[in-house]
Amino acid sequence: MMKKEMRWVLLVLCIGTGIFCSRTALGAGFALYEGSARGNALGGSLVGRADDPSALFYNPAGITQLPGTQVMGGGTLIMPTSEVITNDSSGQDAKRTKSNWFFPPHGYMTHQYSDKLWFGVGIFCRFGLGTEFNDNWSGRHNSYNAFVKGIEINPNVAWKVTDKFSIAAGASLMRLDIKLQSKAALADVDTKLEGRSLGYGFNLALHYRPVRWMSVGFLYRSKVKHTAHGDAEFLHPNYLRRAFPDGRISADVTLPDEYFFGIAFRPFERLTVETDAIMTRWHNFKKMTIEFKDPVAGMDEVTKQKNWRDVWRYQIGIEYRLTEWVDARLGYVYDNEPIPGGTADYLVPADDRQLFSFGFGFHIQKVTADISYTYLLSKDRNIDKRQADGVLDGRIHDSICHLFGITIGYKF
């Protein structure tokens, strides 16, 4: 009875931590890939292995490798920074993003119902964006504070077709929160737009181990359509009240579908090497239109062109068992940026990224503990002036991020 009660307490704790989802952008566009500390240390290369409860994030078909009931939970401490140099009317203007830290959590539970059937539920964040400058910087007419926060609950059912081949299917419920703050070019009016939405999606996954020393994984996650409803607020002198009335807004946002591919090799008993590739189909993110219930400055809506492109993320992870209870891990990622030069702005001040990571895993009877560190380095990029969007000629550089992950697991 005590074990059963503890199982549900841990599940509730995993679910509860999900409300504190991150608002920082780390992956392509504003995708996030921090599914577990072990995954972080391996550069996310767990699609082929998928042999712990975080498989619910990387490849749910892999949970058929997990006997009994298992739980896992933790998070990643993220500390990003970058600098934007713009050429404003007074000359060069350099602004560093405000120092912030974020802690996107993750929580998983898997349960084996029979020799063929498994069930699992995960809570995690796959999308997040957070960029903040001083509200008087030269690029304020484009953005000085922006965040997107998506939290997702994802139940899955997995079926062991044969001893070598498993499949899984799941459904997702995603809560999306958006906040955008900028200064309207006319009279420098402070603008805040906030909205929230619920969206639905699904996923399909495969896991195949043709021989003892190799395994292959595949995961598809569908796009998620959102129609966010919220409010527009303006801080301005009284004489501008008619031109900038507070009121209701709505916006359509489609988050992209993703394809995960992974293949893992175990050339020696203590060593595993995995290479993965992830395609994120951002091409549906062509524009962002915000509709106003009450016209603002004579406009019923505002549209900003995006025209993002599909991109690939490539990653490799190496895991070596030092002892029966300690694993050492290394990872590397090259992540392509989907934002073309013609629509680059200050909401996502970044370019192609490289991630270098390492970590350790500890196994003590039924308890597991994983820790990781990742250094993210983003390539510098130039931004061309687009007066209509409040974007100035400039350059983004010194974009780096430190990530510290921790995950605790328990096997019942």
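Computed from a predicted model, the values in this text were never measured in an experiment.

A short note on the overall build of the chain
Secondary structure assignment for the chain yields 3 helices and 20 strands. In the chain, the share of contacts with a sequence separation of at least 24, taken over all contacts with a separation of at least 6, comes to 69%. Carbon and sulfur atoms form 60% of the exposed surface of the chain, whose accessible area is close to 18200 Å².

A short note on the environment of H363
One can find H363 in strand β17 (residues 353-364). Excluding residues that lie within four positions of it along the chain, H363 makes contacts with R321, E324, W325, V326, D327 and T368. A distance of 2.7 Å separates a polar atom in the side chain of H363 from a polar atom in the side chain of D327.

Brief notes about unusual backbone geometry
Within the chain, A50 stands out as a residue other than glycine whose phi angle is a positive 45 degrees. The phi dihedral of Q365 falls on the positive side, at around 55 degrees, and the residue is not glycine. Relative to the assigned elements, Q365 resides in the loop between β17 and β18 (367-378).

A word on the packing of aromatic side chains
Centre-to-centre distance and the angle between the planes together describe a pair of aromatic rings. In this structure the tally under the stated criterion is 25 aromatic pairs. Ring centres of F234 and F244 lie 5.6 Å apart, and the angle between their planes is 55 degrees; this geometry places the pair in the tilted category. In this pair, F234 is assigned in strand β9 (residues 224-235) and F244 in the loop between β9 and β10 (247-255), connecting sequence segments 10 residues apart. Here F234 falls in the buried class, since its relative accessible area comes to 10%. For the pair F358 and Y373, a centre-to-centre distance of 5.9 Å together with 55 degrees between the ring planes defines the contact as tilted. Note that F358 is positioned in strand β17 and Y373 in strand β18, a separation of 15 residues in sequence.

So, the pattern of salt bridges
Scanning the entire structure with this criterion turns up 23 salt bridges. Residues E233 and K192 are paired through a salt bridge, measuring 3.9 Å at the closest nitrogen-oxygen approach. In this pair, E233 sits in strand β9 while K192 sits in strand β7 (residues 189-211), placing the two residues 41 residues apart along the sequence. Accessibility expressed as a relative area gives 38% for E233, which makes it partly exposed. In this structure, R381 engages D351 in a salt bridge whose closest nitrogen and oxygen atoms are separated by 3.7 Å. Linking R381 in strand β19 (residues 381-383) with D351 in the loop between β16 (326-335) and β17, this pair joins segments that are 30 residues apart in sequence.

Side note on the nonpolar core
Judged by nonpolar contacts, the single largest core of 66 residues is most densely connected at F30, W282 and Y346. Top contributing element to this core by residue count: strand β6 (residues 165-184), with 6 residues.

Let's talk about the environment of M214
Locating M214 in the fold gives a position in strand β8 (residues 214-221). Residues M214 and T272 lie 58 residues apart in sequence; the distance between their C-alpha atoms is 9.2 Å. Ignoring sequence-local partners within four residues, the contact set of M214 consists of Y208, R209, I263, A264 and F265.

Points about the pairing of strand β11 (residues 258-268)
As defined by bridge partners, β8 adjoins β11 across 8 bridges and the pair is classed as antiparallel. Directly across from G217, in β11, lies its bridge partner G262. As judged from the 9 bridges shared by β11 and strand β12 (residues 271-280), these two strands associate in the antiparallel manner. Bridge pairing in β12 links F260 to I278.

Details of the confidence of the model for the chain
This prediction gives the chain a mean pLDDT of 86; 89% of its residues lie at or above 70. Low pLDDT, under 50, characterises residues 1-24; the stretch is placed with 54 contacts to residues that sit more than four places away or in other chains.

Some thoughts on the environment of I316
Position of I316 relative to the elements: it lies in strand β15 (residues 311-323). Placed 16 residues apart in sequence, I316 and Y332 show a C-alpha to C-alpha distance of 5.5 Å. In this view, I316 contacts L42, S45, V273, E274, T275, L330, G331 and Y332; residues no more than four positions away in its chain are not counted.

Topic: the side chain of Q70
Inspection of the secondary structure puts Q70 in strand β1 (residues 69-88). Using a relative accessible area of 5% as the deciding quantity, one classes Q70 as buried. In terms of polar contacts, Q70 uses its side chain to reach the backbone carbonyl oxygen of P67, at 3.3 Å. For Q70, the residues in contact, after removing those within four places along its chain, are P53, Y108, M109, T110, Y410 and K411.

A closer look at the pairing of β17
Looking along a regular strand, one sees the side chains alternate between the two faces of the sheet. In this sheet, β17 lies alongside β16 in antiparallel orientation, the contact comprising 10 bridges. Paired with L330 across the two strands is F358, which belongs to β17. Pairing analysis gives 12 bridges linking β17 to β18, with the strands arranged antiparallel. By the bridge assignment for β18, F356 is matched with Y375.

Details of a negative patch on the surface
Taken together, the side chains of D252, E291, D300 and E301 make up a negatively charged region of the molecular surface. Checked against the element boundaries, E291 lands in strand β13 (residues 287-296).

Reading the values: the criteria
Residues numbered from 1 in each chain as written. Predicted model: local features only at pLDDT ≥ 70, side-chain atom pairs only at ≥ 80, totals over all residues. Heavy atoms only, no water. Helix = DSSP H or I, 4+ residues; strand = E, 2+ residues; numbered from the N terminus. Contact = heavy atoms within 4.5 Å. Areas by Shrake-Rupley, 256 points an atom, 1.4 Å probe, with all protein chains shown as cover. Polar contact = N/O pair within 3.5 Å; in protein donor to acceptor, adjacent residues only side chain to side chain. Phe/Tyr/Trp six-rings, centres within 6.5 Å; stacked < 30°, edge-to-face > 60°. Buried < 20%, exposed > 50% of the residue type's maximum accessible area, 1.4 Å probe, protein only. Salt bridge = Lys/Arg side-chain N within 4 Å of Asp/Glu carboxyl O. Core = buried A, V, L, I, M, F, W, Y, C linked by side-chain atoms within 4.5 Å. Pairing = 2+ DSSP bridges. pLDDT = per-residue confidence, 0-100. Patch = residues over 30% accessible without salt bridge, like charges linked within 9 Å, V, L, I, M, F, W, Y side chains within 5 Å. Lys, Arg positive; Asp, Glu negative; His and termini not counted. Charge placed at Lys NZ, Arg CZ, Asp CG, Glu CD.

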